[in-house]
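Each chain, written out:
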Amino acid sequence: DSGVTQTPKHLITATGQRVTLRCSPRSGDLSVYWYQQSLDQGLQFLIQYYNGEERAKGNILERFSAQQFPDLHSELNLSSLELGDSALYFCASSVGVGGQETQYFGPGTRLLVL
Amino acid sequence: SQQGEEDPQALSIQEGENATMNCSYKTSINNLQWYRQNSGRGLVHLILIRSNEREKHSGRLRVTLDTSKKSSSLLITASRAADTASYFCATDDGSSNTGKLIFGQGTTLQVKP
C-alpha cells in the first residue's frame, strides 16, 4: 500500500459524458501527479500540482482539467468523453516539487467509455 | 512521447534464473527510476538511481546507469514466480523544477515455477 488513494476504482460511462476522478496523496506529500496509461500510448504524464498550484503540464487534452485543493487532495475532470479516453488513470504523490524524488502511485481508476 | 525504450519487450524465464531488462533514454536526466506493475494494477516503486551514481542495489535488484550511453539495466537475481509483472523505467525531464516522469514502454516478465 503506497498510501495514495484513488476513487473510484472503476468507472463506466458513455461518450459525451463528464467524470471526476479523485486522489488523496500520502500524508505530508505536497505534489500530486496525474498519469494516463493506455494500450497505444503507454504511460503518459498529464499534469502536476504542487501545494495547490499547477507545476507542470504534459499531454493533457483541453477537455481534461485538474485541481488541487487546500487539503492537498486532487481531482481530475474529464469531459466530452470519447472512446479513446478509456484508460487507466493514475495519481502519484511526492514530498517536494522536483524530479529527484520517488513518486508513489495509487491503485488507479479504470475508465471505460462506451 | 516516450523517453525510454525498453528491451526486451517480453521475457520468459524459469524460477531461480536471473532476469535482465534494459532501458535507453534520449535526453539528459537527473535520475532514473524503475517501477513494477502487476497486471492492470498500480505501479510499485522499486529503486531510484541518480545521474551521478553508476550502480545501486536493493535486495535482489541491481540497477546500473550509464549516462554516457543513456542507458540503464535492471537485474533481478534468483527470480521467483511472484516477480511476474511488467517493469518500467522512468526518467525525469532534466529539470529540477518539476517532477514529470517519462516512462518507457515496459518489459513484461514471466517467471515460470
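Residues numbered from 1 in each chain as written. Chains lettered and ligands numbered in written order. Predicted model: local features only at pLDDT ≥ 70, side-chain atom pairs only at ≥ 80, totals over all residues. Heavy atoms only, no water.

Peer 1: Please explain the overall build of chain A as it appears in this structure.
Peer 2: In terms of regular secondary structure, chain A is built from 0 helices and 11 strands. Reading the secondary structure of chain A in the N-to-C direction produces β-β-β-β-β-β-β-β-β-β-β. A compact globule built from 114 residues should have a C-alpha radius of gyration of about 13 Å, and chain A, at 13 Å, falls within 12% of that. Taking the principal axes of its C-alpha atoms as reference, chain A extends roughly 35 × 30 × 25 Å. Taking all 114 residues of chain A together, the buried fraction comes to 54%. Taking the intrachain contacts of chain A between residues at least 6 apart in sequence as the baseline, contacts between residues at least 24 apart amount to 55%. Surface accessibility of chain A: about 5300 Å² in total, with carbon and sulfur atoms responsible for 49%. (Helix = DSSP H or I, 4+ residues; strand = E, 2+ residues; numbered from the N terminus. Rg over C-alpha atoms; globule rule 2.2 N^0.38 Å. Buried < 20%, exposed > 50% of the residue type's maximum accessible area, 1.4 Å probe, protein only. Contact = heavy atoms within 4.5 Å. Areas by Shrake-Rupley, 256 points an atom, 1.4 Å probe, with all protein chains shown as cover.)

Peer 1: Sorry, what's going on with the pairing of strand β7 (residues 64-68) of chain A here?
Peer 2: One face of the sheet, then the other: side chains in a regular strand alternate in exactly this way. All names here are of chain A. Along β7, the buried face is formed by Phe 64, Ala 66 and Gln 68; none of Ser 65 and Gln 67, which line the opposite face, is buried. Here β7 runs beside strand β8 (residues 74-78); their pairing, made up of 5 bridges, is antiparallel. Paired with Gln 68 across the two strands is Ser 74, which belongs to β8. As consecutive antiparallel partners, β7 and β8 are separated by 5 residues, and within that stretch Leu 72 has a phi angle of approximately 80°, a positive value. (Pairing = 2+ DSSP bridges.)

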